[in-house]
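Summary of the model geometry
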Amino acid sequence: RNGRLRAAPAGASMLELSAGLDHCFTCALCAELTIARPVMSERTTQIVIIGGGPSGLLLSQLLHKRGIQSVVLERKSKDYVLSRIRAGVLERGLLGLMKEAGIGSRMAREGFAHDGTLISYGDEMFRIDFKELTGHSIMVYGQTEVTRDLYDAREAMGGQIEYNVEDVEIHDLESNAATVTYRQDGQPHKISCDFVAGCDGYHGVSRKTIPSESRKEYEKLYPFGWLGILSRTPPVSHELIYANSERGFALCSMRSENLSRYYIQCDLSDRPEDWSDAAFWAELKRRLPPEVAEKMVTGPSIEKSIAPLRSFVSEPMRWGRLFLCGDAAHIVPPTGAKGLNTAASDVHYLYNGLRQFYETGDAAGIDGYSELALARVWKAERFSWWFTSLMHHFPENGDIGQKFQDAELDYLVHSEAG
Ligand code: RFL
């Protein structure tokens, strides 16, 4: 104003800046100011997939193999997505989908098949033999590796993945064709499509696009978190150990023969920097049976983080031309290792529904998607809540709470059906 520069409030538009200023756009300085209007790029595809995490990439890869086109929009860079340390336990359904997607070969070479798991409480430890009881094993192979294999496969097939996208918005979900707009490097883009798959995780935009009056959210926050570390040390046990102790839950997990992942239940107010490596190892050992603690190999942590525990479901999982998949629609506490596996179950139902629609014109699969997926989601929610309640220390439940847990664990030891 009057030739002098004023600091603009962050995010203010030109209209807001000029409000109340008589001469803002007429003085010499501002007359120089031109706002370039970039031309919006436009294209068309069959499915826009929002989110380049495991759900979005797996869906895109499966659809591609059936000749169905998609564009994946990812908010972060590829390197950022591949730096996130998350799930590591893959169940049969996900393994089958990975095979179908043509990305199972590195996992078959480098993953670790586990036939069972160990559960300890106090000084007791027992084993659940998955293979004997169900006929199937699980695979220990990091989510990061699954995601890397998916990126490699998508790139090898010329899959369209747009990274570092901003301001993703979904429009026209109740019309004949949906549109998705976003910005990339400051340029606006628009994609018209038949359907949108919201695979953008808990913090994404897809779920929030469904009007609040048409969506019901169920949520439980647990009064503790998980402090996890990754260390270049050999795992203490060949199989995972889930530990219930009076001091709180602990989990001994692994990524490879020389990469261990350990977790302990911690206070919600704790921060990773409050825990030195030495304090973490000491607390972990106190929560394990002595014979396990004695053989634990410790070392410096290469990653340390705290995850909150939450049970969350948003219903329905379909709104017009939008389908929600994975963490965008539901979260489980990590205790049952069900998050990624349940996301894969959604992908399975959605992929088969879309395939049926494009191959035969029959919309039954996509019309039934929400109901089918949610039936499975709620089973996984129940299991994760039950196992979390059984294995963690709840101070508010007192000594009798611990006795209830011990009795239930003892029941499991002796009940094949359990
Ligand atoms: P993700 O992985 O969160 O990916 C969503 C992607 O969407 C992007 N995004 C957007 N893109 C464009 N526009 C926007 N507006 C966007 N907003 C977000 C994000 O950048 C991201 O790349 O969801 P997805 O694909 O549904 O996958 C779900 C899994 O990541 C999750 O369920 C598991 O990691 C949960 N989980 C576990 N699951 C298992 O099955 N077995 C396990 O052993 C297991 N362990 C865990 C876990 C999760 C953990 N944490 C940290 C939450 C252990 C932990 C500690």
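Use the structure listed above.
Overview of the structure. (Residues numbered from 1 in each chain as written. Predicted model: local features only at pLDDT ≥ 70, side-chain atom pairs only at ≥ 80, totals over all residues. Heavy atoms only, no water.)

**Observations regarding a negative patch on the surface**
Taken together, the side chains of D123, E124, E291, E294 and D410 make up a negatively charged region of the molecular surface. Mapped onto the fold, D123 is located in the loop between β6 (116-121) and β7 (124-129). (Patch = residues over 30% accessible without salt bridge, like charges linked within 9 Å, V, L, I, M, F, W, Y side chains within 5 Å. Areas by Shrake-Rupley, 256 points an atom, 1.4 Å probe, with all protein chains shown as cover. Salt bridge = Lys/Arg side-chain N within 4 Å of Asp/Glu carboxyl O. Lys, Arg positive; Asp, Glu negative; His and termini not counted. Charge placed at Lys NZ, Arg CZ, Asp CG, Glu CD. Helix = DSSP H or I, 4+ residues; strand = E, 2+ residues; numbered from the N terminus.)

**Remarks on the pairing of strand β10 (residues 166-171)**
Note on strand geometry: in a regular strand, side chains alternate between the two faces of the sheet. In this sheet, strand β11 (residues 178-184) lies alongside β10 in antiparallel orientation, the contact comprising four bridges. Opposite I170, over in β11, you have V180 as the bridge partner. If you look at the hairpin formed by β10 and β11, you'll find six residues sitting between the two strands, and D172 has a positive phi there, around 60°. (Pairing = 2+ DSSP bridges.)

**Some details on the nonpolar core**
The nonpolar side chains of soluble globular proteins are, as a tendency, buried together. Ranked by internal contacts, the top residues of the largest apolar core, which has 64 residues, are L59, L90 and V196. Other than its neighbours up to four places away in sequence, L59 contacts I49, A197, C199, V347, L350 and Y351. Y121, I138, F224 and F394 belong to the second largest nonpolar core, which has 23 residues in total. (Core = buried A, V, L, I, M, F, W, Y, C linked by side-chain atoms within 4.5 Å. Buried < 20%, exposed > 50% of the residue type's maximum accessible area, 1.4 Å probe, protein only. Contact = heavy atoms within 4.5 Å.)

**Remarks on the pattern of salt bridges**
If you walk through the whole model with that rule in mind, you get 23 salt bridges. Here E359 and R66 are joined by a salt bridge, their closest N and O atoms 3.7 Å apart. Of this pair, E359 sits in helix α12 (residues 339-360) while R66 sits in the loop between α3 (54-65) and β3 (70-73), and the two are 293 residues apart along the sequence. Residue classification places E359 among the partly exposed positions, given a relative accessible area of 46%. In this structure, the salt-bridge partner of D149 is R106, at a minimum N-O distance of 2.8 Å. Note that D149 is positioned in helix α8 (residues 143-156) and R106 in helix α6 (residues 105-110), a separation of 43 residues in sequence. Beyond isolated ion pairs, a larger network of salt bridges with shared partners links R106, E110, E145, R148 and D149.

**Notes on the layout of surface pockets**
Approximately 1300 Å³ is the volume found for the second largest pocket. Among the secondary structure elements, those contributing two or more residues to the lining of the second largest pocket are α5 (92-100), β6, β7, α7 (130-134), α12, α14 (369-391) and α15 (398-414). No other element matches α14, which puts seven residues into the lining of the second largest pocket. Taken together, the residues of the lining of the second largest pocket break down into 21 nonpolar, 14 polar and eight charged. (1 Å grid on protein atoms, 1.4 Å probe; cavity = no way out; pocket = protein on both sides within 12 Å on 5 of 7 lines; lining within 4 Å. Points joined across faces, edges and corners; volume = space filled by probe spheres on them. Nonpolar A, V, L, I, M, F, W, Y, C, P; charged D, E, K, R; others polar.)

**Points about the sheet that holds strand β20 (residues 322-324)**
Taken together, the six strands give an open sheet; going across it, the order is β9-β3-β2-β13-β20-β19, and neighbouring strands pair in mixed fashion. For this open sheet the edge positions go to β9 (160-162) and β19 (318-319), each flanked by a neighbour on one side alone. Packed onto the sheet, α3 meets β2 (47-50), β3, β9 and β13 (195-198) and runs at close to 160° relative to β2. (Axes fitted to C-alpha atoms, helices over the stretch in contact; angles between N-to-C directions.)

**Structural notes on α15**
Helical geometry: 3.6 residues make up each α-helical turn, so side chains three or four residues apart lie on a common side. The end-to-end C-alpha distance of α15, which contains 17 residues, comes to 25 Å, matching closely the 24 Å that a straight helix rising 1.5 Å per residue would cover. Of all the residues in α15, the buried ones are G401, Q402, Q405, L409 and L412. Relative to the axis of α15, the buried residues are bounded by an arc of 95° and lie together on one face. Exposed positions of α15 whose direction lies more than 90 degrees from the buried face are D399, I400, K403, F404 and H414. Where α15 is buried, its residues contact β6, β7, β15 (241-244) and α14. (Expected span 1.5 Å × (residues − 1). Arc of directions from axis to C-beta.)

**Describing the state of the cysteines**
In this structure the tally under the stated criterion is zero disulfides. Distance from the sulfur of C199, which forms no disulfide, to the nearest cysteine sulfur (C325) is 4.3 Å. (Disulfide = S-S within 2.5 Å.)

Geometric descriptors of this kind do not, in isolation, establish any biological role.
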